Amino acid sequence: MKPPPPLPFFLIFLLSTTSAAATTTNATKPGTPTLSPTVSPTSSPTPPTTETPSSSPSTLDPKQIEALQSLNIPTTRDPCIQPSPHNATICDTSKPFRHLISLHLSNCSSDLSLSFTALKSLSSLHSLSFTNCHASPIRFPSDLSLSLTSFSCIHSLRRLSGVWLSRFVNLTDLTVSYTPVNTSGLYVIIGNMHKLKTVTISHANLTGSLPRHVHLNLTHIDLSDNKLKGKIPTSLALLEDLEFLNLSSNGLNGEIPTEFGDLISLKNVSLASNSFSGSIPDSMSAIPGLVHVDLSNNQLNGTVPRFFSELKGLKVLNLENNELHGVLPFNASFIKRLAVFKVGGNGNLCYNHSVLS
């Protein structure tokens, strides 16, 4: 019996194509798992994009942007973003426009000119400070004068007057340093500042005497390096919340009032470089929190009070260059716990030099 003749080539091709199609059909039947296509190593899947609502901060009031530009403050970056360059600006959170509440001008260009229009646009400010900014002072808009609670002027504004400063009646903090102030006395400046808590007017050629009437909420007084004269008024002792008192480098004279001990919150006191005379009042022993006492470069006489050694928190005691006499009543353990102790320049004061070495 002869073997069957071979199949024609086209029939073999047809059968193989049919078989491949059947295999593909069976692979995609329901219930049959299918393989995912292989991802090329050079391609990365794009993650689904979900849009989340964002609340962008309100922009600064356009009028205030113009005001900052007139003061040569860059506004290409939102001035309300913190921290701002050189901590120059702080804004509130109001909408639709935010407003400046704090502005610090420093190292100003020599051609800077303060504009009344610009300052009027900045009446939302609560704090305004100048450092190394030698522009000429101008009359402030009344809205801005009343809005400010903090004003600082250091090496700036060339020269100020007491009347000009007195318009800031709502201040709680006032600082003027290394800027001359033309006034007949301190009371002209602070007399109507009933909310004032801290006042620093130093290196300002301030003349006159210390006011007899001061606001009882004061906690910080620095009037150092001026031309004040006269005595310390006893009314100063009414400041029960006063923590810092610096009257150094003036022309004050007379005795330190015995009422000084009523300043029960006092921590730091400097009466150095004046012309105070008389003895150191024992009433100071009633001030328990004293940390820093500087009575140097005066004409104080009498003996050194023992109570200083009983002040547990005392770190600085400077009594040098006075006319104190007698025996120094301190032992070595007290002196060693002080960071600063000076008693030189008191010709008649007796002490053990080995203890002080």
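Procedures and definitions
- Residues numbered from 1 in each chain as written.
- Predicted model: local features only at pLDDT ≥ 70, side-chain atom pairs only at ≥ 80, totals over all residues.
- Heavy atoms only, no water.
- Disulfide = S-S within 2.5 Å.
- Helix = DSSP H or I, 4+ residues; strand = E, 2+ residues; numbered from the N terminus.
- Patch = residues over 30% accessible without salt bridge, like charges linked within 9 Å, V, L, I, M, F, W, Y side chains within 5 Å.
- Areas by Shrake-Rupley, 256 points an atom, 1.4 Å probe, with all protein chains shown as cover.
- Salt bridge = Lys/Arg side-chain N within 4 Å of Asp/Glu carboxyl O.
- Lys, Arg positive; Asp, Glu negative; His and termini not counted.
- Charge placed at Lys NZ, Arg CZ, Asp CG, Glu CD.
- Buried < 20%, exposed > 50% of the residue type's maximum accessible area, 1.4 Å probe, protein only.
- Pairing = 2+ DSSP bridges.
- Contact = heavy atoms within 4.5 Å.

K.L.:
For this particular structure, what's the right way to read the state of the cysteines?
P.N.:
Using the criterion set out here, one finds 2 disulfides in the structure. Here C80 pairs with C91 through a disulfide, and the sulfurs are 2.1 Å apart. On the S-S bond that ties C80 to C91, the torsion sits near -85°, and the link is left-handed. One end of the pair, C80, is in the loop between α2 (62-70) and β1 (89-91); the other, C91, is in strand β1, with 11 residues separating them in the sequence. The disulfide that involves C108 links it to C133, with 2.0 Å between the sulfurs. Where C108 bonds to C133 through sulfur, the torsion about that S-S bond is close to -100°, and the disulfide is left-handed.

K.L.:
Can you help me understand a negative patch on the surface in this one?
P.N.:
A cluster of acidic residues, E240, D241, E243, E259 and D262, forms a negative patch at the surface. With respect to the helices and strands, D241 occurs in the loop between β10 (229-230) and β11 (244-246).

K.L.:
Help me understand the pairing of strand β8 (residues 198-202), please; the structure alone is not making it clear to me.
P.N.:
For a regular strand, the rule is simple: side chains alternate between the two faces of the sheet. With 4 of 5 residues buried, β8 lies mostly within the body of the structure. Pairing analysis gives 5 bridges linking strand β6 (residues 173-177) to β8, with the strands arranged parallel. What sits directly across from D173, in β8, is T198. Relative to strand β9 (residues 220-222), β8 runs parallel, the two being bridged by 3 bridges. Residue pairing in the sheet places T200 in a bridge with D222 of β9.

K.L.:
Whenever I open this one, the environment of H292 confuses me. Can you help?
P.N.:
Counting through the fold element by element, H292 comes out in strand β15 (residues 292-294). Counting along the chain gives 24 residues from H292 to N268, while the straight-line C-alpha distance between them is 4.7 Å. Leave out the neighbours within four places in its chain, and H292 touches K267, N268, V269, L314 and V316.

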